[in-house]
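Structural features, examined
This is what each chain is made of:
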Amino acid sequence: MRAGLSRLLPGLAVRAADFDWPKSFPNAEADVQQFLIGAKVIAVERRAKVLLIELSTKYTLVIHLKMTGQLVFRSAKASFGAGHPNRSLIGELPDKSTRVTLMFTDGSRLFFNDQRKFGWMRLLPNAEVPQLDFFKKVGPEPLAADFTWQAMRGRLVRRSNTNIKAALLDQTVIAGVGNIYADESLWGAKIHPATLVKNLSTRQFHSLYDELVYVLKLSIEKGGSTDKNYVDAEGRHGSYLSFARVFRREGQACPRHPGTLIQKLRVAGRGTHICPRCQRLKH
DNA sequence: CACTTGACCTGTCCGC
DNA sequence: TGCGGACAGGTCAAGT
C-alpha cells in the first residue's frame, strides 16, 4: 500500500477534507485548517503497520488501518458507476463506511473507509511521530538488512514463557507480523503455534526466520493479503491469499500432505490454522 | 514485569 | 424471517 500511494500522492496539494467519525480523525478543526488544508504531499513512508504521509507543513498524516481500514485513491475523472469492472469491489465513494475524504487541488481524492471504526488517521508534527508510545515500543522491521535469524531469536526469547504465535503477533517483539503471516510462517517452519518460545530449537528459530522473510516478501510482491476489506491504493485487491497455504483454508488439503486436512484452532485468542501432521505439539 | 482477557465497532454467517 | 451468538486481517487498557 505504501508503494502504491507513493506513486500517486507526492506533489498533490490538499484542497479540502471531510470527516465522519471523530475517533477516525481525532485532531481539532484548527489543526486541519492550519496544517492539512493547503499542504502538499512530500512522501509516503511506513513503519510497522503504520503509514506515514509526510506533508510540506512539517506535519505527517499517521494512519493505522487496523482490521477493516481501506485507503482508496480516485483520480478526478474516475467513475465507478454501473458497468465499471471495479464496481463489485467498492463502487461509488464516499459510501456509508467512509470516515475521511481528502480532496486534492487537481480533483483527485483519497478515501479512508473503515467499516469497524478501529482504524485512525491523525495529524502530528513530524518531530512528534517518533514520540508516539507505539513507535517507542515497536520492534525491528523483519525485512531490515540487519534483521538476521539471530536477531529474530534475540527478540522472540523476550517472550520465552508464552507461545510462539503470541510472540510473533506482539508488535513490540517484531514489527508488522499479523495473523496471516504468523500462521503462514509457522506452517512453513513446521512449528505448532502453541509451542512455548523457550522450547524452540535453534533449527526452528532459523527456519521460522527464513519462512517469515519469504512470506512477507512474497506478499509484498503480490500486492498484500487484501480481500474483503482491504484494497490497494487504487481500489484493487492484493492476491497473497490465493497463495496462502493454511490461512482460511480449514478443511482443505495441506500442500505438503495431500491426505491431511488443515485444521482451525484458537491460539493467543486468535483463529489459527495448522496442518496437524507437520505442526505437532510436543512437550 | 510477563502474560491473558475484554473493549473498541459493524457486518455477516450459522444454528435454532 | 427473526434472533442470539460467534467471528472477522489489530491494538490497548485493565485484569491476574
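Below: a short report on this structure.

1. A few points about the overall build of chain A
The helix and strand inventory of chain A stands at seven helices and 10 strands. Taken over C-alpha atoms, the radius of gyration comes to 20 Å for chain A, in line with the 19 Å a tight globule of 283 residues would show. Projected onto its principal axes, the C-alpha positions of chain A cover 60 × 45 × 30 Å. For chain A, with 283 residues in total, the buried portion stands at 50%. Taking all contacts inside chain A whose residues are at least 6 apart in sequence as the whole, residues at least 24 apart take part in 61%. Working note: accessible area of chain A is about 13900 Å², and carbon and sulfur atoms make up 51% of it.

2. Details of the pattern of salt bridges
On inspection of all chains with the given rule, the structure shows seven salt bridges. As a salt-bridge pair, Glu-184 and Arg-245 come within 3.0 Å of each other at their nearest N and O atoms. One end of the pair, Glu-184, is in helix α6 (residues 179-188); the other, Arg-245, is in the loop between α7 (202-221) and β9 (263-267), with 61 residues separating them in the sequence. Like Arg-245, Glu-184 is buried.

3. Observations regarding the protein's contact with DNA strand B
The local shell around DNA strand B consists of Trp-21, Lys-23, Lys-96, Gln-115, Arg-116, Lys-117, Phe-118, Arg-158, Arg-159, Asn-161 and Thr-162. A distance of 3.0 Å is found between a base oxygen of DNA strand B and a side-chain nitrogen or oxygen belonging to Arg-116. The contact in question runs from a phosphate oxygen of DNA strand B to an N or O atom on the side chain of Thr-162, over 2.8 Å. When grouped by side-chain class, the residues that make up the surface near DNA strand B number two nonpolar, three polar and six charged.

Conventions adopted
- Residues numbered from 1 in each chain as written.
- Chains lettered and ligands numbered in written order.
- Predicted model: local features only at pLDDT ≥ 70, side-chain atom pairs only at ≥ 80, totals over all residues.
- Heavy atoms only, no water.
- Helix = DSSP H or I, 4+ residues; strand = E, 2+ residues; numbered from the N terminus.
- Rg over C-alpha atoms; globule rule 2.2 N^0.38 Å.
- Buried < 20%, exposed > 50% of the residue type's maximum accessible area, 1.4 Å probe, protein only.
- Contact = heavy atoms within 4.5 Å.
- Areas by Shrake-Rupley, 256 points an atom, 1.4 Å probe, with all protein chains shown as cover.
- Salt bridge = Lys/Arg side-chain N within 4 Å of Asp/Glu carboxyl O.
- Near = heavy atom within 4 Å.
- Polar contact = N/O pair within 3.5 Å; in protein donor to acceptor, adjacent residues only side chain to side chain.
- Nonpolar A, V, L, I, M, F, W, Y, C, P; charged D, E, K, R; others polar.

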